[in-house]
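Architecture at a glance
Here is what each chain is made of, one letter per residue.
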Amino acid sequence: MKASTQKGRRGAIGACLVVAMAATLAACGSSGNKSSSGASGAKTSSGANTSNLPSGQPGKGKPPITMGDKNFEEEYLLGYLYTDALQSKGYTVTLKPNIGSSEIIDKALTSGQIDMYPEYDGVIYQVIAGHTDNPISAKQTYDTSQKFEQARGFTLLQPTPFQDADGVATTHAYATQHHLKTIADLKGVGPFTYGGPPENATRLQGVLGLQQDYGLTNLKFVPLTAGSQYQALDAGQVNSIAIFTTDGQLSTGKYAVLDDTKHIFGFQQVAPVVKTSLISSEGPAFAQILNAVSAKLTFPAIQQMNSAVVIAHQDPATVAKKFLDANGLG
Amino acid sequence: MSAFSAAFTFVIHNGHLLLTKTETHLAISFEAILISVVLGVPLGVVLGHIHKGSFLAINVSNVGRALPSLALLSVLLPVVGISRTNVIITLVVLAFPPVLTNSYVAVEQVDSDVVEAAKGMGMRTSEVIRKVELPLALPLIFAGIRTAAVFVVATATLAGVFGGGGLGDILFNEPSYKLSGVIGSSYVLVVLALAFQVMFKGLELAVTPRGLRKQPRLVPPQVVEPSVLQPAA
Amino acid sequence: MSGAAVAAASGPVIPHYGTSDSCVLHNGAFCWHWFAQNWGSLFQPKLIQHVELTVIALVIGFAISFVLALAAHRRRWLAPPVTFVTSLLYTIPSLAAFEILVPITGLGSLTIEIPLISYTLLVLFTNTLAGLSGVSAEVRDAATGIGLTRRQMLTRVELPLALPTIVAGIRVATVTIISLATVAAYVGNEGLGQLIFDALHSNDFNTQFLGAGGLAILLALVADGFLVLTQRQLTPWATARRPV
C-alpha cells in the first residue's frame, strides 16, 4: 500500500482529472443520446480510477461469492464483467446467469440464493421499493435506492456512468426533417405513430407518460411484437419507437434518440447490489475491483458490447473478457 | 399463498385488460380451430369412406402430437416472421392431426353392414356419406375437434411470447405484470380451457344420434389423454 | 493536457470485438457457419441439458406413478382421489408454478423438475392403471385357475399385458415433457427453450430460432420413434397398427 501523503496528492489530481474527463465525455459522447451524460447524474466516483486497482491476488482465501444476473443480454454482460474481474484477482465467484426479471432475482437475493447482482437503481426505486413518483435526479434515484437496500441488509456499490433507461427514437432522417432533439419537440409534428410492446399502452413510462406529461395528444400507439421495433421503424411502419437507450442497434447511427427532458423514464444507472456483510468479509479489494469495472462502463462502452452480442451475435462472456483485458481489469 | 390471493386481486382490478386479451385469444383460437376443421374433416371423411390412407391418417397424429409447440413456432419464425400468421400456422399444424385422425377413424369404422345396406337401398355415394356414415361418425369427429380445441386454446398462449396478443401477453410478461398477473391470467386461461371442454362436449352430445347415446361409442383404441389445460404442452 | 488526451487516457478502451460474417449481420434464414461454430459452446450443452431434464422427470414421474397405480389397482377407492390430485397439479400453468417455486426450491434444476414431474403424473398414472385394469376378467380367472399367486399374476400376466398401454403413456409423457421443458426455459434457464427466448431479444436471430427449435423437434421425434420401436419389441403380439 502506498504512503498516505502520496495517495492524498494523487487523489486531488485524480479528482480534477475525473471532472475534466466527465465534461469531455459528456461533450464527445452525446450526439442526441441523452444518457451519455449520465456522468452528470450521480457521480461515477471520487477516485475510482484504475490506478487504485489492487495488485496481486487479494481474493485468495476469501469466502466464496455467488453472483446472479437478470434475463437479458446487457445483464449477461454485466454478470460476466464483474465475475471475470473478481476471478482474475483470486476471488471464488459462482455466476448464476439468467435468473429472471427484477421481481424474481430480488427474491433470489433476499432468500440467500445469491449474494449480489447488478441492478438498475431506477428499477430498485420503482419496482422493488415501490415508489410511484418519478425521481427528479440520478442522485436522488441512487440515494433513495441505497437507503432502501441498506435497510434490508444490502448495499449498492458505486454506479456506472451509463444509464439504460426507456426512450423514444426515430430515424435520423425523420428527426432531421422535423427538427427533433427532445421528446417535447414531437408536439409539433402533427399526428404521428409510436410503436412499442403492447403493455406500453398503459405505462407511465410509456404511452401514458408521453401523452400526459409531454402533452403528446397527437400520438397514436401501434402495438408491435417484441424485438421488431427497429424493423418496423426501418420499414416505415411507424414514425417512432420505444427503445432502451443502450440498445446495440442504436450504435449504427441510423437512429436518433430524443432527449427525455422531463425525465418520465427516470434514471437508470447500474450498481452491484451486494449483501452488506459480504463487503467486509471479502476485504477492501472486493469493492475496489467492482467499482473500477463500473467506472469503465461508459455509454459507448456498454453500447458497443451490446452491439457485439445482439447484432454480431458474439458470445457475451468473450466480449466481456475482451473489454476487461483491454482496460487492465482482466 | 399470498401470491395466489394477489392473483385474484389482479383479476378483479384488471377486468378490462383481461377481457381485451381474452378476445384476441379467442379470435386466434377460433381461427385456428376453424382452419383445422375445414382442412381435416373433409379429408378424413373421404379417406375413411374409401378405406384408404390409414397409414397417413393415423400416423400424422402420432407425429403431430410429438411436436413441441414452442419449437414449432420458433422454427417458423425465420420463414413467416414474428406475426399472428406464425401462431395460426403453428396452432393449425398441431390441431389438424387429431381432427384428421378422428374423422378418418370415425367414418372408417362405421359398420360395413350398415353401409352395404344403404348402398343396397340405392343410395349414391354422397348420400351414403351424408345420411349414413356422417351421422354415425359425428360424435367421434366432434371428440377429435374437442381435443383439438382445448389444445388450441391452451397453446394460443404462445402468441404472448412475442407480444402477439392473447392471454400469453400477460403470462409471458412477468416484468410488466408481476407474479400476480401471471397467475391471474392463468386462472382465466384455465377457466377458458374448461369452458371449451364443456362447450365442445356439449356439441358432441348434441350431434350424437339419440339411438347411439346409450351405446358404447366406437372409440379407436386410444391412449388415455388428459385434456391439456396448461400452456404449450 | 488537451481534453481529448484526457478522455483517451481515462476513458475506457473499447476493443474490437471481431467481425461476424455477413449472413449473421443481415440475419439470414440460417447461418450454417455460425451454427457449426457455436454448436459445442451453445447448442450441444443445451440439448444435453434438455435431455437430462426430460429423463429425470420421466424416471421420477414414472416411479411415483407406478407405485400409485399399483396401489390403486389393489384398492379401487384410491383411484379417484389420486386422479383428482394429479389433475389439479396438471392444471397449474407451468410458468406460474416455476416462478412461485424459485424462492422455495432455489435456482437449480429442482425448480423446473417439480412442475415437469407433476405433469407426467396424471398421464402416467392414468395409463398405467388403465393398462392394468384392461386385463380381462377371463384372463385373470384363468391365471388364478392355474394357481398363480397375486404377485405372480401381477408380474407374469397383468404387467406384460398392460405394457402396450403403459409404454403408450410413457410416449405421451415424454413428448409432453420435451415440449413443456422448452417453455419452462422462460423462467428456468435450462434447455433448448432458453436459446429460443434469448434469440427473441437478440434482434430476432433466425439461426438460433431454427437451430434450437429444430433440435427440440428432432429430439421429440427421435424419442417418440424410439419408444414406438421399444413398444413393438416388448409386445410382439400387439404389433397391429393401432391409432394411438
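Thresholds, definitions, all that
- Residues numbered from 1 in each chain as written.
- Chains lettered and ligands numbered in written order.
- Predicted model: local features only at pLDDT ≥ 70, side-chain atom pairs only at ≥ 80, totals over all residues.
- Heavy atoms only, no water.
- Helix = DSSP H or I, 4+ residues; strand = E, 2+ residues; numbered from the N terminus.
- Contact = heavy atoms within 4.5 Å.
- Areas by Shrake-Rupley, 256 points an atom, 1.4 Å probe, with all protein chains shown as cover.
- Lys, Arg positive; Asp, Glu negative; His and termini not counted.
- Charge placed at Lys NZ, Arg CZ, Asp CG, Glu CD.
- Buried < 20%, exposed > 50% of the residue type's maximum accessible area, 1.4 Å probe, protein only.
- Pairing = 2+ DSSP bridges.
- Phe/Tyr/Trp six-rings, centres within 6.5 Å; stacked < 30°, edge-to-face > 60°.
- Salt bridge = Lys/Arg side-chain N within 4 Å of Asp/Glu carboxyl O.
- Polar contact = N/O pair within 3.5 Å; in protein donor to acceptor, adjacent residues only side chain to side chain.
- Buried area = accessible area lost by both parts, 1.4 Å probe.
- Nonpolar A, V, L, I, M, F, W, Y, C, P; charged D, E, K, R; others polar.
- Core = buried A, V, L, I, M, F, W, Y, C linked by side-chain atoms within 4.5 Å.
- Axes fitted to C-alpha atoms, helices over the stretch in contact; angles between N-to-C directions.
- pLDDT = per-residue confidence, 0-100.
- Disulfide = S-S within 2.5 Å.
- Expected span 1.5 Å × (residues − 1).
- Parallel < 35°, antiparallel > 145°, perpendicular 65-115°, else oblique.
- Left-handed = near helix turned anticlockwise from the far one by under 90°.

The subject of this paragraph is the overall build of chain B. Helix and strand counts for chain B come out as 9 helices and 0 strands. For chain B, the C-alpha atoms occupy an extent of roughly 65 × 40 × 25 Å along the three principal directions. In chain B, 79% of the contacts between residues at least 6 apart in sequence involve partners at least 24 apart. Surface exposure of chain B reaches about 9700 Å², of which carbon and sulfur atoms provide 68%. The positive charge centre, built from 15 side chains, and the negative charge centre, built from 12, are 4 Å apart in chain B.

We now examine the pairing of strand 8 (residues 240–244) of chain A. Residues and elements named next belong to chain A. Of all 5 residues that make up strand 8, 4 are buried, and the element is covered over most of its length. Here strand 5 (residues 166–171) runs beside strand 8; their pairing, made up of 5 bridges, is antiparallel. Among the inter-strand pairings, A169 is bridged to a residue of strand 8, identified as I241. Here strand 6 (residues 192–196) pairs with strand 8 via 2 bridges, running parallel. Bridging from a neighbouring strand, Y194 pairs with S240 of strand 8.

In this section: the packing of aromatic side chains. Residues and elements named next belong to chain C. Tallying each qualifying case throughout the model produces 19 aromatic pairs over all chains. Note on F30 and W32: the rings are 5.1 Å apart at their centroids and 85 degrees apart in plane angle, and the pair reads as edge-to-face. Overall, the relative accessible area of 24% leaves F30 in the partly exposed class. Connected via pairs of aromatic rings, a cluster forms that spans F30, W32, W34, F35, W39, F43 and F205.

The next thing to look at is the side chain of C:E190. All names here are of chain C. Relative to the assigned elements, E190 resides in the loop between helix 8 (150–184) and helix 9 (192–200). Buried within the structure, E190 lacks any salt-bridge partner; its nearest side chain of opposite charge belongs to K46, at an N-O separation of 7.2 Å. Side-chain polar atoms of E190 contact the side chain of S109, separated by 3.1 Å. Leave out the neighbours within four places in its chain, and E190 touches K46, Q49, L53, G108, S109, I112, A181 and A185.

So, about the interface of chain C and chain A. Each side of the interface is counted separately: chain C has 33 residues, and chain A has 40 residues. Of all residues in chain C, the largest losses of buried area upon contact with chain A belong to C:Y17, C:L107 and C:N203, amounting jointly to 24% of the total for that side. Inspection of the chain C/chain A interface yields 0 salt bridges. One can count 12 residue pairs in polar contact (both at pLDDT 80 or more) joining chain C with chain A. When residues in the side of chain C that touches chain A are grouped by element, the largest group, 5 residues, is from helix 1 (residues 3–10) of chain C. Classifying every residue of the side of chain C that touches chain A by side-chain character gives 17 nonpolar, 13 polar and 3 charged.

Structurally, the position occupied by C:V183 is in helix 8. Sequence spacing of C:V183 and C:F197 is 14 residues, and the spatial spacing of their C-alpha atoms is 9.0 Å.

Once that is clear, we can look at the nonpolar core. Counting residues in hydrophobic clusters, the biggest one holds 105 residues, and the most contacted among them are B:L70, B:V161, B:F172 and C:F197. In terms of nonpolar packing, the next biggest core, distinct from the first, is built from 42 residues, A:M67, A:A287, A:V293 and A:M305 among them.

Below, the discussion takes up unusual backbone geometry. With a phi angle near 55 degrees, A:N98 is a residue other than glycine that sits in the positive phi range. Relative to the elements of secondary structure, A:N98 occurs in the loop between strand 2 (93–96) and helix 3 (102–110). If you check the backbone angles, B:H51 has positive phi at about 55 degrees while not being a glycine.

Sheets are built from strands that pair by backbone hydrogen bonding, the pairs being arranged parallel or antiparallel. All names here are of chain A. The sheet built from 5 strands is open, its strands ordered 7-6-8-5-9 with mixed pairing. Either end of the sheet is taken by a strand with one partner, and the two such strands are strand 7 (219–223) and strand 9 (255–258). Between one strand axis and the next, the sheet turns through 40 degrees on average, direction left out of account.

This part takes up the confidence of the model for chain B. Residue and element names in this part refer to chain B. The predicted model of chain B has a mean per-residue pLDDT of 85, with 90% of residues at 70 or higher. Helix 3 (residues 54–66) is the least confidently modelled element of chain B, averaging 86 in pLDDT, while helix 2 (residues 15–50) averages 95, the highest of any element. In the predicted structure, residues 216–233 sits below a pLDDT of 50 and forms 68 contacts with residues beyond four places in sequence or in another chain.

Residues and elements named next belong to chain C. Averaged over every residue, the pLDDT of chain C is 85; the share at 70 or more is 89%. Mean pLDDT across the secondary structure elements of chain C bottoms out at helix 1, with 46, and peaks at helix 3 (residues 32–74), with 94. The complex model carries a pTM of 0.85, and its ipTM stands at 0.85.

Before going further, it helps to examine the state of the cysteines. Residue and element names in this part refer to chain C. Under the criterion given, the structure shown has 1 disulfide over all chains. With a sulfur-sulfur separation of 2.0 Å, C23 is cross-linked through a disulfide to C31. Handedness of the C23-C31 disulfide follows from its S-S torsion of about -90 degrees: it is left-handed. We classify C23 as partly exposed; its relative accessible area is 27%.

All right, on to the pattern of salt bridges then. The full count for this structure, using the stated rule, is 17 salt bridges over all chains. Taking the shortest distance from any N to any O, the salt bridge between A:D106 and A:R152 comes out at 2.6 Å. Residue A:D106 is found in helix 3, and its partner A:R152 is found in helix 5 (residues 138–152); the two are separated by 46 residues along the sequence. The exposure class assigned to A:R152 is partly exposed, which follows from its relative accessible area of 29%. One salt bridge in this structure joins C:R140 and C:E158, with 2.4 Å as the shortest N-O distance. Of this pair, C:R140 sits in helix 7 (residues 137–145) while C:E158 sits in helix 8; the two residues are 18 residues apart in sequence, bridging distant segments of the chain. You can call C:E158 buried: its relative accessible area is 2%. A single salt-bridge network, built from bridges that share partners, covers A:D106, A:E149 and A:R152.

A separate point is helix 2 (residues 73–87) of chain A. Its 15 residues place the ends of helix 2 of chain A 21 Å apart at the C-alpha level, agreeing with the 21 Å of an ideal helix rising 1.5 Å per residue. Where burial is concerned, most of helix 2 of chain A is hidden: 13 out of the 15 residues are buried.

Moving on, we get to the environment of B:G53. Residue and element names in this part refer to chain B. Checked against the element boundaries, G53 lands in the loop between helix 2 and helix 3. According to the relative accessible area criterion, G53 is partly exposed, its value standing at 35%. Not counting chain neighbours up to four residues away, the residues in contact with G53 comprise L47 and Y104.

Next up on the list: the packing of helix 2 of chain A against helix 12 (residues 316–326) of chain A. Packed helix pairs are characterised by how far apart their axes lie and by the angle those axes make with each other. Residue and element names in this part refer to chain A. At a closest axis distance of 9 Å, the pairing of helix 2 and helix 12 adopts a crossing angle of 50 degrees. When the interaxial angle is binned, helix 2 and helix 12 end up oblique. Handedness of the helix 2/helix 12 crossing: right-handed. Of the residues in helix 12, those touching helix 2 at Y76, L77, Y80, L81, D84 and A85 are P316, A317, V319, A320, K321, F323 and L324. Counted by class, the contact of helix 2 with helix 12 contains 11 nonpolar, no polar and 2 charged residues.

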